[in-house]
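Analysis of the macromolecular model
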Amino acid sequence: MKSRLIILFIVLSIILNVQLTGQSLPLTKEISTGWKFHKVGTNEWHDATVPGCVHTDLIANKIISDPFYRDNESKLQWIDKNSWEYKTTLNVDKRMLERQNIELCFKGLDTYADVYLNDQHILTADNMFCEWNVSIKPLLEDGDNTLRILFHSPVAMGLLSRDKFNLEAPVGYNLEFIANSDWPSVGPYIRKAAYMFGWDWGPKLTTSGIWRPVFLKAWDNAKITSLEIVQDSITSKKALLTAVATIEAASTFTGVLNLSCSLNGTIITVKPHQVDLQKGMNEVKIDIAVNNPALWWPNGLGEHPLYEFTGSLKMGKDEIDRFITHSGLRTIRLVQKPEKDGGKSFYFEVNGIAVFAKGSNYIPSDIFPSRVTNEHYEELINEAVEANMNMFRVWGGGIYENDIFYDLCDKNGIMIWQDFAFAAHSPDYPEYKESMRREFKENIQRLHNHPCIALWCGNNEIDLVWNILMKKYFGLEIPKEANLLSGLLPFLPAPGKVDPKVTERVEKAYDDIFYKMIPEAIQKYDYNSRNYWPSSPMGGYREPMRFNKPQAGDMHYYVAYVNKPFSNILETQSHFFSEHGFQSWPDKKVVYNFTAPEDRNKNSPVMRAHNKAMIGNSVLDKYIGMYYKSPKDFDSYLYITQLLQNDCMKLSLETHRRWMPFTMGSLYWQLNDVWPVASWASIDFQNNPKGLYYIVKKAFNPVIVVPSNFKNEFRVNVVSDKREAFKAKMEMKILDFSGKQLWSKTISVNMAANTSTEFFKTTTSDLLNKLDSTKIVFSVKLLQGNKLLASNLCYFSSPKDLILQKPDISKIITASDQGYSVTLSSDKLVKDLYLDTDEKGLFSDNYFDLLPGEKVTVSFKSKEKIDDFGKKLKLFSLTDSY
């Protein structure tokens, strides 16, 4: 009995000790329930979801219809002209009130907001991209407390900001999608995501709301506000790091900061560090050495290990706060070496290895970013990884993404070219600049530890817009490159008579932000650990983008906007293509979801409402006429637009890689969509791959073989990202569309590491030797023994001129562990075979050509069992479209 009492006493003592110790740790509570909202000027309150926004709450309460359906977008333009108010009740108990400090932490308020606690004003917010922390203990009462947030109309506030700026910002575009929105009069003047005002792939649905979580945080004595890992020196033998802990203390005291670093169960513990803390903010630096570090590599080049760093702050024997962060150890830099022609290189080097950047431009995953789920991010990034990408450019007209996005990129080896959130010139008045400084500091600090961040970039296209489009309006001489953009000529502004002092002010405001404020913030808060590029695109530092040599920067290139055939891609070189693309419609299942039957005509008002490009379907019609026969119906039209996109981007992506090492980056526009729309995306807004996704996947394989036919020159290159050399053989054939071999040649390949090498060259006329170009296909395979490393096809006539016969396609479907396998074969060439199903899943390949007599097996991954999948799978090819 006595022993039982002793054991009980010990257990109670442990529990009591844990509870007492736990009281010293910060308490954090998310404020996500009980929210209501209403339109200011009305008395009817409705349920609200936080995080969320006005539009999604209006949808949930069935006050408005789905903005994505038909032309509903146009009927909802009243929402952003009004102000909206949110409220909830905070229940605070005595336990929390006993803490020394209590704060409200708003992770994101969109955008102009006044916050009240128990009817006392506690905060004015003016920047969507900032966090807001407010000390509130004196205002709290035991029990219920009322929290209200008044969101002012972004349109009204934008107009006030413009009036304060007292200058019309040179937004640069006189385009349809901007002329029909509030962007020219509002967007450039507020720190809010530009794309919400409408873009050439997105709707104009300018929302407001509590778009990121709200927390109530209580703490005593001190808290660790951040733990930044500065990588001073990284080699394969040793990593020298500095941990920079920022500690906010409520009073002066001496504590102990313990720091540890771990990977896969191996823990490196740093000697406890005594810290003499002063009231307010304190910075503590601790050196860390990691022997034989596991290096972080981009996707396809190695593993992506993430070290866990833990900072524990003690006061006496009690732990009063703990902060955990992760980082990968690597070196990464933008290399710009002088070249003989006066240009400079432009490529990324990781851990001493030159890396060809294979990827895309990422835009927000929804017009309402608050409703993007972690599962959506994970699915999208997994698809990018499967498509062999190693870089995203996070576009400047969007947002600084959620933490989960960067966590997933760290985990999967996706490097990030991170634009700051600018897509137009900005005001220069002091309060606006102060808001930007806060934004830069917070977001640089938040993203600093992520190994995926490869480059900071000041903005999207402001330098291009100014030099190519707007200088003329402001009375300045424009570069000759402006004349090459013939597709944009109808949209160029007329020469203006602007006071030179106004022009000087505009240029100074730009320089202050992108050549002073941002570089200073990077130096201070990112410790100069990454390179900075002021704008994308640029022809060099402080040089406008140019199409001609010498090249010293990045390029945005769209063949449709220079009004050229696809072959112009072969004549336009750059060291780094940070944007390039061609538009298409999404699959019919997406189009059918936002249309009614009567809308299913390419020129219907609803279809026009879902194509925001400045020249819309007319460009698609033009290029269809150039390369394809007229589609027989609406479904065929949607399909043919994707084939156009596939053809253009296959040529672009393969050519860029073939030009390696002169060209060392190809980031196509764009990865994803914010709503159902005709766009340049490879994946639609529901993460369904378009045809382009499969083109990208093949073009970005670590090893590819690229045939090229241009101006009577025919060549075949092998391109490899591998860090090791290898040997193989290359089998080349010319076949007719029934599979008959008309020519063949096999050569040995000794392939060096990480480069592109031409292994076969002849004239097209000698190769064909009078063969009918409308009836043949060139096939090339790269083999190691019986292992297929890469393959490709090349045609010698446009698709509309190919003499194709109706194929007899056989398919065999078998169930697999992750879904289904589909084995296909045909008696004749199948051009652009589309595997069509309404079921949710991911094909391993689609929109491909099937050679006669060859068997191809395609997998379909699905999370759920599908009844009668064989009957639900439809096959459609080019001969079915006319």
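Residues numbered from 1 in each chain as written. Predicted model: local features only at pLDDT ≥ 70, side-chain atom pairs only at ≥ 80, totals over all residues. Heavy atoms only, no water.

Points about the packing of aromatic side chains
Counted under the stated rule, the structure contains 51 aromatic pairs. Relative to Tyr627, the ring of Phe566 lies with its centre 4.6 Å away and its plane at 10 degrees, an arrangement referred to as stacked. Taken together, the residues Phe566 in the loop between strand S28 (554-557) and strand S29 (576-580) and Tyr627 in helix H13 (residues 616-627) connect sequence positions 61 residues apart. With a relative accessible area of 6%, Phe566 lands in the buried category. Considering the side-chain rings of Tyr834 and Tyr847, the 4.7 Å spacing of their centres and the 25 degrees angle between planes classify their relative orientation as stacked. Of the two residues, Tyr834 sits in strand S40 (residues 830-836) while Tyr847 sits in the loop between strand S41 (842-843) and strand S42 (848-850), which places them 13 residues apart along the sequence. Here the two residues Tyr834 and Tyr847 agree in accessibility, since each one is buried. An aromatic cluster of three or more residues is present, and its members are Phe129, Tyr400, Phe420, Phe422, Phe440, Trp456, Tyr510, Phe514, Tyr515 and Tyr541. The ring of Tyr515 has Arg542 lying over it, and the distance from NZ or CZ to the ring centre is 3.7 Å. Taking NZ or CZ as reference, Arg600 lies 4.0 Å from the ring centre of Tyr592, over its face. (Phe/Tyr/Trp six-rings, centres within 6.5 Å; stacked < 30°, edge-to-face > 60°. Helix = DSSP H or I, 4+ residues; strand = E, 2+ residues; numbered from the N terminus. Buried < 20%, exposed > 50% of the residue type's maximum accessible area, 1.4 Å probe, protein only. Lys NZ or Arg CZ within 6 Å of the ring centre and 35° of its normal.)

A short note on the side chain of Glu654
By secondary structure assignment, the location of Glu654 is in helix H14 (residues 634-658). Its relative accessible area of 11% is what places Glu654 among the buried residues. The residues contacting Glu654, other than those within four sequence positions of it, are Ala699, Val706 and Asn792. (Contact = heavy atoms within 4.5 Å.)

Section: H14
In this model, H14 (25 residues) spans 36 Å end to end at C-alpha, consistent with the 36 Å of a helix rising 1.5 Å per residue. Within H14, 21 of the 25 residues are buried, which leaves it mostly tucked inside the rest of the structure. (Expected span 1.5 Å × (residues − 1).)

Description of the pattern of salt bridges
Applying the stated criterion across every chain, the model contains 49 salt bridges. Its salt-bridge partner being Glu386, residue Lys861 comes within 3.3 Å of it at the nearest N-O pair. You can see Lys861 sitting in strand S43 (residues 856-861) and its partner Glu386 sitting in helix H6 (residues 374-386), a full 475 residues away along the chain. Here the salt bridges do not stand alone but share partners, grouping Arg70, Glu598 and Asp599 into one network. (Salt bridge = Lys/Arg side-chain N within 4 Å of Asp/Glu carboxyl O.)

Brief notes about the sheet that holds S40
Reading across the sheet, the three strands line up as S42-S40-S44 and stay open at both edges, with antiparallel pairing between neighbours. Taken across any chain shown, the strands that pair with only one partner, and hence form the sheet edges, are S42 and strand S44 (874-876). Shown here is a sheet whose adjacent strand axes are inclined to one another by a mean of 45 degrees, direction ignored. Looking at chain direction, S40 and S42 are connected through two bridges and run antiparallel. Looking at S42, one finds that Val830 is bridged to Leu850. Lying on the sheet, H14 is in contact with S40 and S44; it crosses S40 at an angle near 115 degrees. (Pairing = 2+ DSSP bridges. Axes fitted to C-alpha atoms, helices over the stretch in contact; angles between N-to-C directions.)

A word on H6
With 13 residues, H6 extends 18 Å from end C-alpha to end C-alpha; this agrees with the ideal 18 Å at 1.5 Å per step. His376, Tyr377, Leu380, Ile381, Glu383 and Ala384 are the residues of H6 that are buried. Down the axis of H6, the buried side of the element spans an arc of 150 degrees, and every buried residue falls inside it. Where the residues of H6 are buried, they touch strand S23 (357-362), strand S24 (391-394), helix H7 (403-412), helix H15 (691-699) and S41. (Arc of directions from axis to C-beta.)

Details of the state of the cysteines
In the structure shown here, the tally under the stated rule is zero disulfides. Between Cys130, a cysteine without a disulfide, and Cys105, which holds the nearest cysteine sulfur, the sulfur-to-sulfur distance is 14 Å. You can see Cys409 has no disulfide; the closest cysteine sulfur is in Cys452, sitting 5.2 Å from it. A relative accessible area of 0% places Cys409 in the buried class. (Disulfide = S-S within 2.5 Å.)

Some points on the environment of Gly553
Locating Gly553 in the fold gives a position in the loop between strand S27 (531-533) and S28. C-alpha separation for the pair Gly553 and Phe576, spaced 23 residues apart in sequence, amounts to 6.9 Å. Dropping the residues within four chain positions of it, Gly553 is found in contact with Phe346, Trp533, Met538, Gly539, Gly540, Ser574, His575 and Phe576.

Let's talk about the environment of Lys358
Looking at where Lys358 falls in the secondary structure, it is placed in strand S23. Its relative accessible area of 4% is what places Lys358 among the buried residues. As for Lys358 and Tyr527, which are separated by 169 residues in sequence, their C-alpha atoms are 27 Å apart. Setting aside chain neighbours within four positions, we find Lys358 in contact with Asn388, Met389, Asn390, Met391, Arg657, Ser666, Leu667, Phe700, Asn701, Pro702 and Asp721.

Quick word on the side chain of Glu439
One can find Glu439 in helix H8 (residues 430-447). Exposure remark for Glu439: the relative accessible area of 0% places this residue in the buried category. In this structure the side chain of Glu439 is engaged in a polar contact, spanning 2.8 Å, whose partner is the side chain of Arg191. Setting aside chain neighbours within four positions, we find Glu439 in contact with Asn127, Phe129, Cys130, Arg191, Tyr400, Ala421 and Phe422. (Polar contact = N/O pair within 3.5 Å; in protein donor to acceptor, adjacent residues only side chain to side chain.)

A few points about the sheet that holds strand S9 (residues 143-151)
Pairing is antiparallel across the open sheet formed by six strands, whose spatial order is S3-S2-S4-S9-S6-S7. Taken across any chain shown, the strands that pair with only one partner, and hence form the sheet edges, are strand S3 (46-47) and strand S7 (120-125). Two strands pair when backbone bridges link them, and strand S4 (residues 84-92) and S9 are joined in this way by nine bridges, in the antiparallel orientation. Note on S9: the bridge partner recorded for Thr89 is Thr146.

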